[in-house]
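# What the coordinates show
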Amino acid sequence: MCSLTRVLALLLGALLWAPWRALHGAPLAELSGDQDFQLFLHKNLEFTRKIKGDVAALQRVVCDTFQLCKEEELLLVRQDLGIAQAPLEQCHSRTFQPEACFSQIRDGLRAYHGSLAAVLELLPGHAGLVETLQLDAANLSSNIQQQMEDLGLATVTYPTEGRGPLPAFSSRFHHQVGGFFILANFQRFLETAYRALRHLARL
């Protein structure tokens, strides 16, 4: 009976911690004690939090300006637009490798930097905030690339299928909805990236 209880407890623990369980691999054990690596993590956790706040501010602008506030009301339109979420599955992988996760964060930031051009066109009155967000995304991407090089981590480039140029919006409304989902996707991306960085900082 005790053996069964132990197995069930282990299974429950695995279910609760599966997304992050593999972050305890040997390569990270070496990195976790590196002071420069820890400084990088804490610095960019703050940077990511700042970017999240700016994205949230733009989401409020889109909500107030165009009355586009709830994703569930726009899902059918989203399917027509073909706006994809930048992937971060390597940050959840059971075979986690820091270079794979960091590469996806870096590549995703670059993708959203480009996508924000559509938001800039949509919100010319908030150009300063959008351009600051683009600059911050580019800087965070550069920070990650530089840290990977400093740590001697291999640069990984993933296929870009489904993440090409933004579609040409067929109407002003589609442009507005497109901007809404670009920001919503970016916010989700940042949440996942933030959790990954925070977990690494706690190892």
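Placed above this text is the structure.
Here is a short report on the structure shown in this document.

About the cut-offs
- Sequence order as written defines the numbering, with residues in each chain counted from 1.
- A pLDDT threshold of at least 70 governs which residues receive local features in this predicted model, and a stricter bar of 80 or more applies before side-chain atom pairs are shown or counted, although totals over entire chains, interfaces and linings include all residues.
- The side-chain numbers reported here are obtained from all heavy atoms of the structure, hydrogens and water having been left aside.
- Each helix corresponds to a stretch of at least 4 residues labelled H or I by DSSP, and each strand to a stretch of at least 2 residues labelled E; elements are numbered beginning at the N terminus.
- When a residue's accessible area, from a 1.4 Å probe over protein chains only, is under 20% of the maximum for its type it is buried; when over 50% it is exposed; and in between it is partly exposed.
- Contacts are assigned to residue pairs that have any heavy atoms within 4.5 Å of one another.
- For salt bridges, the criterion is a side-chain nitrogen of Lys or Arg within 4 Å of an Asp or Glu carboxyl oxygen.
- Working definition: a ring pair exists when centres of Phe, Tyr or Trp rings (six-membered ring for Trp) sit within 6.5 Å. Plane angles under 30 degrees give stacked, over 60 give edge-to-face, the rest tilted.
- The axes are straight lines fitted to the C-alpha atoms, using for helices just the contacting stretch, and the angles between their N-to-C directions are given from 0 to 180°.
- When an angle is under 35 degrees it counts as roughly parallel; over 145 it counts as roughly antiparallel; between 65 and 115 it counts as roughly perpendicular; any other value is oblique.
- Here a crossing is taken to be left-handed if its near helix is turned anticlockwise relative to the far helix by less than a right angle, and right-handed if that turn runs clockwise.

## What to know about the overall build of the chain
The helix and strand tally for the chain stands at seven helices and zero strands. Sequence-ordered secondary structure for the chain, helices as α and strands as β, is α-α-α-α-α-α-α. Here the chain holds 203 residues, and the buried ones make up 43% of them. Summarising the internal contacts of the chain: among those between residues at least 6 apart in sequence, 86% fall at separations of at least 24.

## Concerning unusual backbone geometry
Even without glycine at this site, Gln 67 takes up a positive phi of about 55 degrees. With respect to the helices, strands and loops of the structure, Gln 67 is situated in the loop between helix H3 (35-66) and helix H4 (75-81). Gln 67 sits in the exposed class, given a relative accessible area of 58%.

## What about the pattern of salt bridges?
Using the criterion set out here, one finds seven salt bridges in the structure. In this structure, Glu 71 and Arg 78 form a salt bridge, with 3.8 Å as the shortest nitrogen-oxygen distance. By relative accessible area, which is 22% here, Glu 71 ends up partly exposed. Among the ionic pairs, Arg 106 bridges to Asp 107, the shortest N-O distance being 2.9 Å. Across the pair, exposure class does not vary: Arg 106 and Asp 107 are buried alike. Through salt bridges with shared partners, a single ionic network connects Lys 50, Asp 54 and Asp 136.

## Describing the packing of aromatic side chains
Evaluation of the coordinates by the stated rule reveals seven aromatic pairs. Summarising the aromatic geometry, the rings of Phe 37 and Phe 40 are spaced 6.1 Å apart at their centres and angled 25 degrees between planes, so their arrangement reads as stacked. With Phe 37 and Phe 40 both in helix H3, this residue pair falls three residues apart, about one helical turn. On the accessibility criterion, Phe 37 (1% relative accessible area) is buried.

## Digging into the packing of H3 against helix H6 (residues 127-151)
Between H3 and H6, the least distance of the axes is 10 Å, while the angle of their chain directions is 160 degrees. Between H3 and H6, the angle falls in the class roughly antiparallel. Here H3 runs over H6; the crossing is left-handed. Between H3 and H6, the residues in contact are Asp 36, Phe 37, Phe 40, Asn 44, Phe 47, Thr 48, Lys 50, Ile 51, Asp 54, Val 55, Ala 57 and Leu 58 and Leu 129, Val 130, Thr 132, Leu 133, Asp 136, Ala 137, Asn 139, Leu 140, Asn 143, Ile 144, Gln 147 and Leu 151, respectively.

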